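# Tertiary structure, described
Chain by chain, the residues:
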Amino acid sequence: MDIKSGHSSPVMTDSPPLSSARLTIRQNRIPYSSAAALSQNSNLLLTVPRKKTGILDDVKSTGWLDAMKSSSPPPTLVNKDNFSTEATDMTYREWMQLKYPSALTSFEKIMSFAKGKRIALFLDYDGTLSPIVEEPDCAYMSSAMRSAVQNVAKYFPTAIISGRSRDKVYEFVNLSELYYAGSHGMDIMSPAGESLNHEHSRTVSVNEKGKDVNLFQPASEFLPMIDKVLCSLIESTNDIKGVKVEDNKFCISVHYRNVEEKNWALVAQCVDDVIRTYPKLRLTYGRKVLEIRPVIDWDKGKAVTFLLESLGLTNCEDVLPIYVGDDRTDEDAFKVLREGPNHGYGILVSAVPKDSNAFYSLRDPSEVMEFLKSLVTWKRSMG
Ligand SMILES: O=P(O)(O)OC[C@H]1O[C@H](O[C@H]2O[C@H](CO)[C@@H](O)[C@H](O)[C@H]2O)[C@H](O)[C@@H](O)[C@@H]1O
């Protein structure tokens, strides 16, 4: 059975990554009037020079401000009480039925394909295992979700793949039996006593019990640069109310979720001012967050391929990788499973219709938990 059947080729409608847009218009200049207007509107003491090149030009010429605005479901579609209108419900149902069927209602179909195969499970963290909240440091997962992940990991090799630092996501998930890939896959760790089976991996003692884990960190040479940029970003955004700069070790997140919308362009400007002198760094975006990372050819998709190789599960007919994620950065992994030699299923977690490289969908973390529990029940039923 061809797992691609029945799905049309997805078309990504999001804007291109900031970095590429940035490069193409680097010579453009912001007219003095725009820069002046920005500084007047901002009510901040930040100095905005007369002539600028960079992200702000992109915002104006390629709709980046729109991209920043649409990088998380707008409150009119999904508000805090999960209110949705009949019309948006119907649009969602149509999207789900026609393009990305629910992984819960399609569970039997998925499992009929999984029969006789070894499942490998990859789980994003924010928005997948934990709900999106305003304060990034408070994105806790529930203990019920932790149990569901713990149970599923008894039967299938399971990895958490996150944009966060590995330490932070480990602190949230707190299950030592899992593989972890932090910093968008640039910081991979095996469970204690396991090896990543790679010539460039190294063994270190990490936890208080002094257990050995194996690490693979393809961007380690960038650490000094990232640390410098982190300090500069903290300093330059210091006066913008609501900005949070998060140290994700090999990446940096600049959150604007709690910044007044009129100041979002200013956030972009500050980020651009800092990173413009670092050609070895690039900028992407996620859910109300700008993300700075090394230009190396590595992402969540590469991390999935790496882990499948480490586990000896690559290019095997009898392996079914499943990746569950909600964000733009998860698309790299969905794409790898859709197009690469390790065919598998991407499952997009979304409460609003959007285009994706995934095959299936789940509405929110509670449905993710149900899906994980169903996997366990199915496995136990197989004896
Ligand atoms: O790859 P992920 O595990 O999904 O991490 C992606 C980013 O997630 C976090 O930010 C997002 O979640 C926050 C908490 O719900 C929310 O406040 C923020 O607006 C979201 O962008 C995390 O803080 C970032 O560092 C990760 O890159």
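Residues numbered from 1 in each chain as written. Predicted model: local features only at pLDDT ≥ 70, side-chain atom pairs only at ≥ 80, totals over all residues. Heavy atoms only, no water.

By the naming in an unreviewed UniProt entry, the chain goes by Trehalose 6-phosphate phosphatase and is assigned to Camelina sativa. Taken from UniProt, the Cofactor (unreviewed entry) comment for the chain reads in full: "a divalent metal cation". Looking at the chain in UniProt, the text filed under Sequence similarities (unreviewed entry) is "Belongs to the trehalose phosphatase family." (UniProt positions renumbered as here; feature names shortened; annotations may be inferred.)

## Concerning the overall build of the chain
A count of helices and strands for the chain gives 13 helices and 13 strands. Looking at the 383 residues of the chain, the share that counts as buried comes to 51%. Residue pairs at least 24 apart in sequence account for 65% of intrachain contacts in the chain once pairs closer than 6 positions are excluded. Here the chain displays about 17,500 Å² of accessible surface, and carbon together with sulfur accounts for 50% of that area. (Helix = DSSP H or I, 4+ residues; strand = E, 2+ residues; numbered from the N terminus. Buried < 20%, exposed > 50% of the residue type's maximum accessible area, 1.4 Å probe, protein only. Contact = heavy atoms within 4.5 Å. Areas by Shrake-Rupley, 256 points an atom, 1.4 Å probe, with all protein chains shown as cover.)

## Focus on helix α7 (residues 143-155)
In this model α7 runs 19 Å from its N-terminal to its C-terminal C-alpha over 13 residues, within 8% of the 18 Å that 1.5 Å per residue would give. Restricting attention to buried positions, one finds in α7 the residues Met-145, Ala-148, Val-149 and Val-152. One face of α7 carries all of its buried residues, which in axial projection span an arc of 95 degrees. Exposed residues lying more than 90 degrees from the buried face of α7 are Ser-143 and Lys-154. Buried positions along α7 lie against β1 (118-123), β2 (158-161) and α13 (365-381). (Expected span 1.5 Å × (residues − 1). Arc of directions from axis to C-beta.)

## Re the site of the ligand
Close to the ligand lie 21 residues; Val-133, Glu-246, Arg-257, Arg-287 and Glu-291 are nearest. Between an oxygen atom of the ligand and a main-chain N or O atom of Tyr-125, the distance comes to 3.4 Å. A distance of 2.5 Å separates an oxygen atom of the ligand from a polar side-chain atom of Arg-257. Here the shell around the ligand is built from residues that sort into 7 nonpolar, 5 polar and 9 charged. (Near = heavy atom within 4 Å. Polar contact = N/O pair within 3.5 Å; in protein donor to acceptor, adjacent residues only side chain to side chain. Nonpolar A, V, L, I, M, F, W, Y, C, P; charged D, E, K, R; others polar.)

## Quick word on the pairing of β1
Where burial is concerned, most of β1 is hidden: 5 out of the 6 residues are buried. Two strands pair when backbone bridges link them, and β1 and strand β11 (residues 319-325) are joined in this way by 6 bridges, in the parallel orientation. By the bridge assignment for β11, Phe-122 is matched with Tyr-323. The pairing of β1 with β2 spans 3 bridges and is classified as parallel. (Pairing = 2+ DSSP bridges.)

## Looking at unusual backbone geometry
If you check the backbone angles, His-184 has positive phi at about 55 degrees while not being a glycine. Classification of His-184 as buried rests on a relative accessible area of 2%. Its identity is not glycine, yet Asn-315 carries a phi of approximately 55 degrees, on the positive side. Relative to the elements of secondary structure, Asn-315 occurs in the loop between α11 (300-310) and β11.

## Section: helix α9 (residues 223-236)
Between its first and last C-alpha, α9 extends 20 Å over 14 residues, near the 20 Å set by a 1.5 Å rise per residue. When α9 is considered as a whole, its buried residues turn out to be Ile-226, Val-229, Leu-230 and Leu-233. Down the axis, α9 shows its buried residues gathered within 110 degrees of arc, on one side only. Within α9, the exposed residues directed more than 90 degrees away from the buried face are Pro-224, Lys-228, Cys-231 and Glu-235. In the core, the buried residues of α9 are packed alongside β7 (244-247), β8 (252-255), α10 (264-275), β9 (281-286) and β10 (289-294).

## Quick notes on the pattern of salt bridges
Summed over all chains, the structure comprises 17 salt bridges. For Asp-89, the salt bridge identified is with Arg-363, shortest N-O distance 3.7 Å. Linking Asp-89 in helix α5 (residues 86-98) with Arg-363 in the loop between β13 (360-362) and α13, this pair joins segments that are 274 residues apart in sequence. Looking at Asp-89, the relative accessible area reads 23%, which means it is partly exposed. Classification of Arg-363 as partly exposed rests on a relative accessible area of 26%. What you see here is one network of salt bridges that share partners, running through Asp-124, Lys-300 and Asp-330. (Salt bridge = Lys/Arg side-chain N within 4 Å of Asp/Glu carboxyl O.)

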